[in-house]
Amino acid sequence: MPRTRLAPSPTGALHLGNARTFLVNWALARQLGWEVVLRIEDLDGPRVKVGASDAAIDTLRWLGMDWDEGPLYQLADPAPYTAALKRLAAAGQAYPCRCTRKEIEAASVSAPHAGEHELRYPGTCRPETPLPVEFRAEADEAWRLRVADEAVAFVDSLAGEQWENPQQTVGDFLVRTKAGLPSYQLAVVIDDHRQQIDRVVRGDDLLSSTHRQLLVQRALQTGPPPEYFHLPMVVGQDGRRLAKRHGDSRVAEYRRRGVPAERIVGLLAEWCGLGKRTAMNAADFLEAFDLDHLPEGQIVFGPEDDAWLLD
Ligand code: GLU
């Protein structure tokens, strides 16, 4: 049976944009008979907020979603990340890097979302030839994947044909951060592999990351890649990814203000092309959901949406 995952990062409360992606992921899975794993991406070190994992789980449940396995926490079993780093190092595919400042910021453990500044690593610490080295878990030492200068292509089930040369866009990217944590790009590959995930549904701000993840998968020989579905994002009226600057669009905040889950799901349903907004629960959404009706462009969240929820 195919398997997918809901993978919230407990770095802040879920907003309407995240909720829409999760609801689409869940509905697709339930319609097509995929198993659903709930993975909490709690590796995100300093950005993880106390209580945010429980809050994310609570919000997903309140909206009416369910899952077959989990919550699985990344920090509960970090050994496979280290094992992967050892294998990459022994194969000459990863090398240590002590470069400071911005390069490190550029490839943090967080999923890099569209519009966030990413720098290309210029290859300062890259050995001339891919020599096997022993991985050492030293403090203050990052590790980078040796990335060939060639295009990586895949076909996304929603976004269509994709093409990028990661060496030109980001260069040798981090697999371990200076803080000693596996990078997002490494962790997601390990997690998808160990949890046997073969269907990935997420925001299209992660399209570019997918090319990097395909490279990590190849280097670790994790088998065929998952099938990817990247959804267009919900943005504010300024065209930027929904965030705090657009006002408080957190689901938990609407809930606190007395908005019923059915209103939120109803708004998300309209954003999924299911007709004019009307209150509905997750079961109604599931029945109505049709991937073919999903709008191709971005969804714009504006004050009238906020007003409708609070009405
Ligand atoms: N936890 C990530 C996020 O919230 C999702 C990463 C993924 O789906 O690969 O952006």
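Higher on the page you've got the structure.
Residues numbered from 1 in each chain as written. Predicted model: local features only at pLDDT ≥ 70, side-chain atom pairs only at ≥ 80, totals over all residues. Heavy atoms only, no water.

K.L.:
In this structure, what is going on with the site of the ligand? I would like to understand it.
P.N.:
Around the ligand, the structure places ten residues, and the nearest of them are A7, S9, E41, Y184 and R202. Here a nitrogen atom of the ligand sits 2.7 Å away from a polar atom, N or O, in the side chain of S9. A distance of 2.6 Å separates a nitrogen atom of the ligand from a polar atom in the side chain of E41. When the ligand sits alone it has 300 Å² of accessible area, and the protein chains cover 87% of it. Per-class residue counts for the shell around the ligand are five nonpolar, two polar and three charged. (Near = heavy atom within 4 Å. Polar contact = N/O pair within 3.5 Å; in protein donor to acceptor, adjacent residues only side chain to side chain. Areas by Shrake-Rupley, 256 points an atom, 1.4 Å probe, with all protein chains shown as cover. Nonpolar A, V, L, I, M, F, W, Y, C, P; charged D, E, K, R; others polar.)

K.L.:
Explain the sheet that holds strand 4 (residues 94-97) to me, please; I cannot follow it from the model alone.
P.N.:
The strands making up a sheet associate through hydrogen bonds between their backbones, and the pairing can be parallel or antiparallel. The strand order 4-5-8 describes an open sheet built from three strands, whose pairing is antiparallel. The sheet terminates laterally at strand 4 and strand 8 (174-176), the two strands that pair on one side only. Within this sheet the neighbouring strands show an average axis-to-axis angle of 40°, counted without direction. Bridge count for strand 5 (residues 142-145) against strand 8 is two bridges, and the pairing is antiparallel. Note on strand 8: the bridge partner recorded for W143 is R176. In the packing of helix 3 (residues 79-90) onto the sheet, the strands contacted are strand 4, strand 5 and strand 8, and the crossing angle to strand 8 comes to about 125°. (Pairing = 2+ DSSP bridges. Helix = DSSP H or I, 4+ residues; strand = E, 2+ residues; numbered from the N terminus. Axes fitted to C-alpha atoms, helices over the stretch in contact; angles between N-to-C directions. Contact = heavy atoms within 4.5 Å.)

K.L.:
Would you mind showing me how to read the environment of A90 here?
P.N.:
Looking at where A90 falls in the secondary structure, it is placed in helix 3. As a C-alpha pair, A90 and L131 span 41 residues in sequence and 8.2 Å in three-dimensional space. With sequence-adjacent residues up to four places away left out, A90 is seen in contact with P132 and V133.

K.L.:
How do you make sense of the packing of aromatic side chains when you look at a structure like this?
P.N.:
Aromatic ring pairs: the centre-centre distance and the angle between the two ring planes describe each pair. With the rule as written, the count across this model stands at five aromatic pairs. Of note, R144 hangs over the ring of Y121, and the distance from its end group to the ring centre comes to 3.6 Å. Looking at R263, its charged tip hangs above the ring of W308, at a distance of 4.3 Å from the centre. (Phe/Tyr/Trp six-rings, centres within 6.5 Å; stacked < 30°, edge-to-face > 60°. Lys NZ or Arg CZ within 6 Å of the ring centre and 35° of its normal.)

K.L.:
Explain the pairing of strand 6 (residues 152-156) here, please?
P.N.:
Where a strand is regular, its side chains alternate between the two sheet faces. Burial of the side chains of strand 6 is restricted to one face: V152, F154 and D156 are buried, whereas none of A153 and V155 on the reverse face is. Pairing between strand 6 and strand 7 (residues 160-164): five bridges, direction antiparallel. Looking across to strand 7, one finds that F154 is bridged to Q162. Joining the antiparallel neighbours strand 6 and strand 7 is a turn of three residues. (Buried < 20%, exposed > 50% of the residue type's maximum accessible area, 1.4 Å probe, protein only.)

K.L.:
Could you clarify how one ought to interpret the side chain of T210 in this entry?
P.N.:
By the element assignment, T210 lies in helix 7 (residues 207-220). What makes T210 buried here is its relative accessible area of 0%. For T210, the side chain forms a polar contact with the side chain of H230, separated by 3.2 Å. Every residue in contact with T210, bar those within four places of it in the chain, is listed here: F154, R202, Y228 and H230.

K.L.:
Would you mind showing me how to read the environment of E128 here?
P.N.:
With respect to the helices and strands, E128 occurs in the loop between helix 4 (102-106) and strand 5. In this structure the C-alpha to C-alpha distance between E128 and A84, which are 44 residues apart in sequence, comes to 22 Å.

K.L.:
Would you explain the pattern of salt bridges in this entry?
P.N.:
Note on pairing: side chains with opposite charge can pair once their charged atoms come close. Under the criterion given, the structure shown has 23 salt bridges. With its nearest N and O atoms 3.1 Å apart, the salt bridge here joins E141 to R136. By relative accessible area, E141 is classed as buried at 4%. Close ionic contact of D205 with R241 constitutes a salt bridge, the shortest N to O distance being 3.7 Å. A residue pair is termed long-range when its members are at least 10 positions apart, and D205 in the loop between strand 9 (199-203) and helix 7 and R241 in the loop between strand 11 (234-235) and helix 8 (251-256) qualify at 36 residues. The buried category is assigned to D205, whose relative accessible area is 8%. Classification of R241 by relative accessible area gives partly exposed; the value is 25%. Salt bridges sharing common partners tie together R5, R39, E41 and D192. (Salt bridge = Lys/Arg side-chain N within 4 Å of Asp/Glu carboxyl O.)

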